[in-house]
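Descriptive structure summary
Listed below are the residues making up each chain.
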Amino acid sequence: MIRPRHILRVFLLTTLLTTCLTGLSACGFVGFPGVYKIDIEQGNLVTQDMIEQLQPGMSRRQVRFIMGSPLVEDTFQPDRWDYPYVIRNGPDIIREAQVRIFFEGDSLVNVTGDYLPDWANPNAEPEDSAESAETEEAEESQSSD
């Protein structure tokens, strides 16, 4: 026969255990002050140095050697490789970058995103106009002498 005292003990222990577990699970939402959170890196680390090595006409194999395997190789867009990258510390985003590389067949044709080579930068001055500006400056300085 079960004693009423045992039933009360089991009930109190169950209630106490449930309260503790609920309290501990709530700590994830509130957070403890001073608790260290690690940085979490996801994706492909891409640097400007890596991007500068890319040249138009490179093969997919050469691009993969420089950049590494793309994180996203879309089945529906086989001529596009995506290299997303994000570093988080808890919910806070420390750094985020996105690079997209486009091919025609097996040849590199374009790079878009947060890091761009000089040849793919739409804001950069074309090399021909930069050379012509230098030539004009040299001619002006010679004619003024």
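Structure's up top.
Now for a look at the structure at hand. All values derive from a computational prediction rather than experimental measurement.

Rules used in this analysis
- Residues numbered from 1 in each chain as written.
- Predicted model: local features only at pLDDT ≥ 70, side-chain atom pairs only at ≥ 80, totals over all residues.
- Heavy atoms only, no water.
- Pairing = 2+ DSSP bridges.
- Helix = DSSP H or I, 4+ residues; strand = E, 2+ residues; numbered from the N terminus.
- Buried < 20%, exposed > 50% of the residue type's maximum accessible area, 1.4 Å probe, protein only.
- Contact = heavy atoms within 4.5 Å.
- Salt bridge = Lys/Arg side-chain N within 4 Å of Asp/Glu carboxyl O.
- Polar contact = N/O pair within 3.5 Å; in protein donor to acceptor, adjacent residues only side chain to side chain.
- Arc of directions from axis to C-beta.

As a further point, take the pairing of strand S4 (residues 92-104). When strand S3 (residues 80-89) meets S4, the two strands line up antiparallel, connected through 10 bridges. Note on S4: the bridge partner recorded for arginine 88 is isoleucine 93. Linking S3 to S4, which pair antiparallel, is a turn of two residues; within it glycine 90 sits at a positive phi near 65°. As consecutive antiparallel partners, S4 and strand S5 (residues 107-113) are separated by two residues, and within that stretch glycine 105 has a phi angle of approximately 70°, a positive value.

Here the focus is the environment of serine 107. Within the secondary structure layout, serine 107 lies in strand S5. Residue class for serine 107 comes out partly exposed when judged on its relative accessible area of 31%. If we skip the residues at most four places from it in the chain, serine 107 touches Gly57, Met58 and Phe102.

Here we come to the pattern of salt bridges. Under the defined criterion, the tally for this structure stands at four salt bridges. A salt bridge links arginine 60 to aspartate 79; its shortest N-O distance comes to 2.7 Å. Separated by 19 residues along the polypeptide, arginine 60 in helix H3 (residues 60-67) and aspartate 79 in the loop between strand S2 (72-73) and S3 bring together distant segments of the chain. For arginine 60, a relative accessible area of 19% corresponds to the buried category. With a closest N to O distance of 3.0 Å, aspartate 82 and arginine 80 form a salt bridge.

Our next topic: the environment of tryptophan 81. Examined against the element boundaries, tryptophan 81 turns out to sit in strand S3. As for tryptophan 81 and phenylalanine 103, which are separated by 22 residues in sequence, their C-alpha atoms are 8.4 Å apart. Residues contacting tryptophan 81, with those up to four places away along its chain left out, are Arg60, Val63, Arg64, Pro70, Val72, Glu73, Val99, Arg100, Ile101 and Phe103. Side-chain polar atoms of tryptophan 81 contact the side chain of glutamate 73, separated by 3.5 Å.

This paragraph deals with H3. The periodicity of an α-helix, 3.6 residues per turn, causes residues three or four places apart in sequence to face the same way. Within the sequence span of H3, burial applies to Arg60, Val63, Ile66 and Met67. Along the axis of H3, the buried positions cluster into a sector of 125°, meaning they face one direction only. Facing away from the buried surface of H3 by more than 90 degrees, the exposed residues are Arg61 and Phe65. Looking at the residues trailing H3, positive phi occurs at glycine 68, about 90°.

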